[in-house]
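Single-letter residue listing:
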Amino acid sequence: MPATPEEILANNRRKIEKDKRRLAYHDLQVQGTNNSSIMSKRSVEAIYNPILEPELSEWIKFFVPKAKRRSPAINRGYWIRVESIKQMIFRIRDQYPDQPVRIVNLGCGFDVLPFQLLEQGGNYEFYDFDYPELVQRKLAVMNEAPEILLVVGDKNEITPVQKNMGIVMATPKYKLVGCDLKNTELYKKQLESLLPKGAGPTIFIAEVSLAYMKPEDANPVIEISAQVEDSHFLVLEQIMPSGPQHFFAKKMLYHFSHLRSPLQCVETYSTKEKQTERFRQYFPDVEIRDLFECWNELVSRDKKKAVDEVEAFDEWEEFIVFCQHYVVIHATNSTKLAFRKHHEKDEITGFNEDVTLQHHELDLELKFPAASETDGGCIVHGGMWQSRTNETLHIDNDGNKSVLQTFEGPSPRMCHTLTNAQNGTLVLTGGRGRPGLAFDDIWTLHIESKKWTKTGSLPFPMYRHSAICTEPGKVLVFGEGQFVEITDSEITTLRILGDIPKLASCALTFDPEQLIGYIVGGMSSVVEPLINSEVYRYKVTNDAVIVEPVLLLPQLARIGCHAFLEKNLLVVVGGAGLVLQDQNTTVLVVNTLTWSLQKVKIPQSVWQTNPVFLGSASFANHLIGGGAVCYSFGSAYSGAYLVEIA
């Protein structure tokens, strides 16, 4: 029987109520992201401020009384997020020296930016916008903090008109406003009421707030804000420059979806180009940088040195890849820009079809181990999972993994090397324990007896160094800008003819027939870092190494990449560089006869395994292990891969 009008009406009412509950639940989940974010910002405030800005007060402590220390990578990630927005505000402010600057923070949460900047002085007016429920919680905290009330100034009485406009607190320099930004009619009225024309420039800030709104809800907010004269719109938002199958993007999408607060804009505006097109609908001028570009462009060298003093840090690959998934956008209807002129990196043309990549199933959650080939498989030592290990594993050609029962050997470590000396032994060198604790010991593993023997010490501690066998019984180590030769009888620092910087985490190859090798990538400063874009060729003589630069390519400026040499083809895989790698640029090929550069397209079946290629170990033409902590989204790990060179 067809439904009666009464039944249809009842069903419609139930559907409307269900939709209301669903929307309310989504709004609550989005508000919940504020809690995690402010906890991490409190960690940064507690350990960064005393070193970088000791003269400033702590403000987040009023909202998060007990600081919980986050990991160094998360701390630095949140610091660069906050610092990028602050530096952009300063750059815009400095172009209006004689006018008050109005700052509208959309989705402010418990952000304390107004209190920080008002404490430092300066001609600012702040307008904090968020969900009505959240601003009431913020107001309750502020009312219990005399220090906050002192810096924002004396409160004015809220008029009935202001109350209807959602204003819950008003001082001459600060307004706290409740508004669900999906209510664009109310938002427009609030701006017209709060921001009279001719009263100075306005900076709108949306720090990962519009990202939780669908484009059809977020874009009207941008459009309305663009109607304010002399306005600047600053956005911090996630992107996916290498697509949703990149390991970091996959973790990021899952994380927010799992929290029931999915990113609504990131798939529609997944790249810098798409974000630029989006904002150019409303603003004539748009600038965009990812956070690693902000780190390089907005943070001075002196401040980077100060950041380096905050806590021991050795997570550069993870930091770079995180930064490349977040952008700062500056859109304005004024003529005043903030970034210097940007030069895009040259594109690589052409594909090399003689090189491909294969994936082999291997359950190995381990990053920065050392590995070496042996008959019937490989040996993997050390590395880090939840903690550093000194376990020695044997992995056969079928991917079967077993713990090698060895006698007492090296201590737990990572970022070390393990090299087959081609005389029945594997040579282990250096590595580190916790960041800053580097080792100089040399160990030999006798393959047949499975016995470790300590056989000497490097001239100085090394980690993130490289090693290769140049002939049976002879291992060449490159680290700290020096070449060290290890044999059964002696350890020798070789003379260097030519100039080469101190490079960490570079790739080292060697051709035993021609007695030459290549050095690719690496960083010459672990503070900034300065990433090497030169390829060096070296030749080994009896007591010296001759080094010369042969190629300068920004696409090869990578930390922690791997290189394989076959005849005249130099194949470079993975690492973290100035530009995030994708399915077409993770593997590059240099022809050492013509010095031409080509891309390799990773097969879709391999790309779908979400290879990490950070913290991997390599030998022969194999890559094994590796992984990365993806900001606060969880960890990703690689298995085993084979580089095939026809």
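Everything numeric in this text was worked out from a predicted model, so none of it was measured.

Reading the values: rules and limits
- Residues numbered from 1 in each chain as written.
- Predicted model: local features only at pLDDT ≥ 70, side-chain atom pairs only at ≥ 80, totals over all residues.
- Heavy atoms only, no water.
- Salt bridge = Lys/Arg side-chain N within 4 Å of Asp/Glu carboxyl O.
- Helix = DSSP H or I, 4+ residues; strand = E, 2+ residues; numbered from the N terminus.
- Buried < 20%, exposed > 50% of the residue type's maximum accessible area, 1.4 Å probe, protein only.
- Core = buried A, V, L, I, M, F, W, Y, C linked by side-chain atoms within 4.5 Å.
- Domains from an automatic or database assignment.
- Contact = heavy atoms within 4.5 Å.
- Buried area = accessible area lost by both parts, 1.4 Å probe.
- Polar contact = N/O pair within 3.5 Å; in protein donor to acceptor, adjacent residues only side chain to side chain.
- Nonpolar A, V, L, I, M, F, W, Y, C, P; charged D, E, K, R; others polar.
- Pairing = 2+ DSSP bridges.
- Axes fitted to C-alpha atoms, helices over the stretch in contact; angles between N-to-C directions.
- 1 Å grid on protein atoms, 1.4 Å probe; cavity = no way out; pocket = protein on both sides within 12 Å on 5 of 7 lines; lining within 4 Å.
- Points joined across faces, edges and corners; volume = space filled by probe spheres on them.
- Arc of directions from axis to C-beta.
- Right-handed = clockwise from strand over helix to strand, strands pointing away.
- pLDDT = per-residue confidence, 0-100.

*Asks:* Teacher, can you tell me more about the pattern of salt bridges here?
*Replies:* If the charged atoms of two oppositely charged side chains come close together, the side chains can form a pair. Overall, the coordinates contain 24 salt bridges when judged by the stated rule. Between Arg 289 and Glu 297 there is a salt bridge, and its shortest N-O distance comes to 3.4 Å. Two residues, Arg 413 and Asp 441, come together in a salt bridge whose shortest N-O distance is 2.8 Å. On the criterion of sequence distance, the pair formed by Arg 413 in the loop between β13 (401–403) and β14 (417–420) and Asp 441 in strand β16 (residues 439–446) is long-range, its members being 28 residues apart. Exposure remark for Arg 413: the relative accessible area of 0% places this residue in the buried category. What you see here is one network of salt bridges that share partners, running through Asp 314, Glu 317, Arg 432 and Arg 464.

*Asks:* Is there a simple way to explain unusual backbone geometry in this structure?
*Replies:* What is expected of a backbone is that most residues other than glycine have negative phi and most peptide bonds are trans. A cis amide bond links Glu 528 with the next residue in sequence, Pro 529, at an omega value of -15°. One non-glycine residue, Phe 368, lies in positive phi territory at about 55°. Take Phe 368: it is sitting in the loop between β9 (355–360) and β10 (370–374). On the basis of relative accessibility, which here comes to 14%, the residue Phe 368 falls in the buried class. Within the chain, Lys 450 stands out as a residue other than glycine whose phi angle is a positive 55°. Structurally, Lys 450 is set in the loop between β16 and β17 (451–462).

*Asks:* What should I look at first to understand the nonpolar core in this one?
*Replies:* Looking at soluble globular proteins, one finds that nonpolar side chains tend to be buried together. Within the largest apolar cluster, 90 residues are counted, with the highest numbers of intra-cluster contacts made by Ile 89 and Phe 115. Considering every element that reaches this core, the biggest residue donor is helix α2 (residues 72–93), with nine residues. Both domains that meet at this core, namely domain 1 (10–332) and domain 2 (355–645), each give it at least three residues. Not counting chain neighbours up to four residues away, the residues in contact with Ile 89 comprise Ile 103, Leu 113, Leu 117, Tyr 124, Ile 203, Ile 205 and Leu 234. Val 104, Val 177, Val 221 and Ile 239 belong to the second largest nonpolar core, which has 37 residues in total.

*Asks:* Before we go on, may I ask you to explain the domain arrangement of the protein chain in this structure?
*Replies:* Many analyses report the size of an interface as the accessible area lost when the parts associate. When its domains are assigned, the protein chain resolves into domain 1 (10–332) and domain 2 (355–645). With centres defined by C-alpha atoms, the gap from domain 1 to domain 2 works out at 41 Å. Each partner contributes to the interface: domain 1 provides 34 residues, whereas domain 2 provides 39 residues. Both faces combined, the contact of domain 1 with domain 2 buries some 3300 Å², and carbon together with sulfur accounts for 59% of it. When the buried surface of domain 1 facing domain 2 is broken down by residue, Gln 245, Phe 247 and Glu 317 rank first, second and third, together holding 23% of it. Arg 301 serves as the salt-bridge partner of Glu 528, at 3.1 Å between the closest nitrogen and oxygen. Applying the counting criterion to the domain 1 and domain 2 interface returns 16 residue pairs in polar contact (both at pLDDT 80 or more). Elements represented by at least two residues in the side of domain 1 that touches domain 2 include exactly α2, α9 (247–258), α11 (291–298), α12 (301–308) and α13 (316–323). It is α9 that provides the largest number of residues to the side of domain 1 that touches domain 2, a total of seven residues. Grouping the amino acids of the side of domain 1 that touches domain 2 by side-chain chemistry returns 16 nonpolar, eight polar and 10 charged.

*Asks:* Can you walk me through the sheet that holds β10 in this structure?
*Replies:* Across a sheet, paired strands are connected by hydrogen bonds in the backbone, their directions being either parallel or antiparallel. Taken together, four strands build an open sheet; the order of strands is β10-β11-β12-β13 and the sheet is antiparallel. What marks the edges here is a single partner per strand, and that holds for β10 and β13. Pairs of neighbouring strands in the sheet enclose a mean axial angle of 25°, with direction left out of account.

*Asks:* Which parts of the structure should I look at to understand empty space enclosed by the protein?
*Replies:* Leftover empty space is mapped by rolling, across the atoms, a probe with the size of a water molecule. For the coordinates displayed, the defined rule picks out three cavities of 30 Å³ or more. The computed volume of the largest cavity comes to approximately 320 Å³. What lines the largest cavity is a set of 22 residues, among which Val 44, Val 82, Glu 83, Lys 86 and Gln 116 lie closest to the centre. Residue classes in the lining of the largest cavity are distributed as 12 nonpolar, two polar and eight charged. Considered as a void within the structure, the second largest cavity measures approximately 120 Å³ in volume.

*Asks:* Mind showing me how you'd approach the layout of surface pockets here?
*Replies:* Quantified by volume, the largest pocket comes out at close to 1200 Å³. Every residue lining the largest pocket is counted, 49 residues in all, and those nearest its centre are Ala 467, Ile 468, Leu 508, Ser 618 and Phe 619. When contributions to the lining of the largest pocket are tallied by element, the ones reaching two or more residues are β10, β14, β18 (466–471), β22 (507–508), β29 (562–566), β34 (617–619) and β38 (640–645). In terms of residues, the lining of the largest pocket owes the most to one element, β18, which gives six residues.

*Asks:* Help me understand the side chain of Gln 581 in this model?
*Replies:* For Gln 581, the position within the fold is in the loop between β31 (576–577) and β32 (587–591). A polar contact is formed between the side chain of Gln 581 and the backbone oxygen of Gly 574, at a distance of 3.5 Å. In terms of polar contacts, Gln 581 uses its side chain to reach the backbone carbonyl oxygen of Gly 575, at 3.0 Å. The contacts of Gln 581, once residues within four sequence positions are left out, are Ser 242, His 246, Arg 558, Gly 574, Gly 575, Ala 576 and Thr 586.

*Asks:* When you look at α12 in this model, what are you seeing that I'm missing?
*Replies:* Counting along an α-helix, one turn takes 3.6 residues, and residues three or four places apart therefore face a common direction. Among the residues of α12, those classed as buried are Lys 304, Ala 306 and Val 307. Viewed along the axis of α12, the buried residues span an arc of 160°, placing them on a single side of the element.

*Asks:* Just to check I follow, could you spell out the pairing of strand β6 (residues 231–238) for this structure?
*Replies:* Along any regular strand, the residues point their side chains to alternate faces of the sheet. Most of β6 is tucked away: eight of the eight residues are buried. With burial as the criterion, each face of β6 is covered, one bearing Ser 231, Phe 233, Val 235 and Glu 237 and the other bearing His 232, Leu 234, Leu 236 and Gln 238. You can see the chain leave strand β5 (residues 202–207), run along helix α8 (residues 215–225) and come back into β6, and the turn it takes is right-handed. Across seven bridges, β6 lies against strand β8 (residues 326–332) in antiparallel orientation. Each bridged residue has a counterpart across the sheet, and for Gln 238 the counterpart in β8 is Tyr 326.

*Asks:* Teacher, can you tell me more about the confidence of the model for the protein chain here?
*Replies:* Any region with low pLDDT has predicted coordinates that should not be read closely. In this model, the protein chain carries an average pLDDT of 92, and 94% of its residues clear a pLDDT of 70 or more. When the criterion is pLDDT under 50, residues 21–33 qualifies, and its contacts beyond four places in sequence or with other chains add up to 19 contacts.

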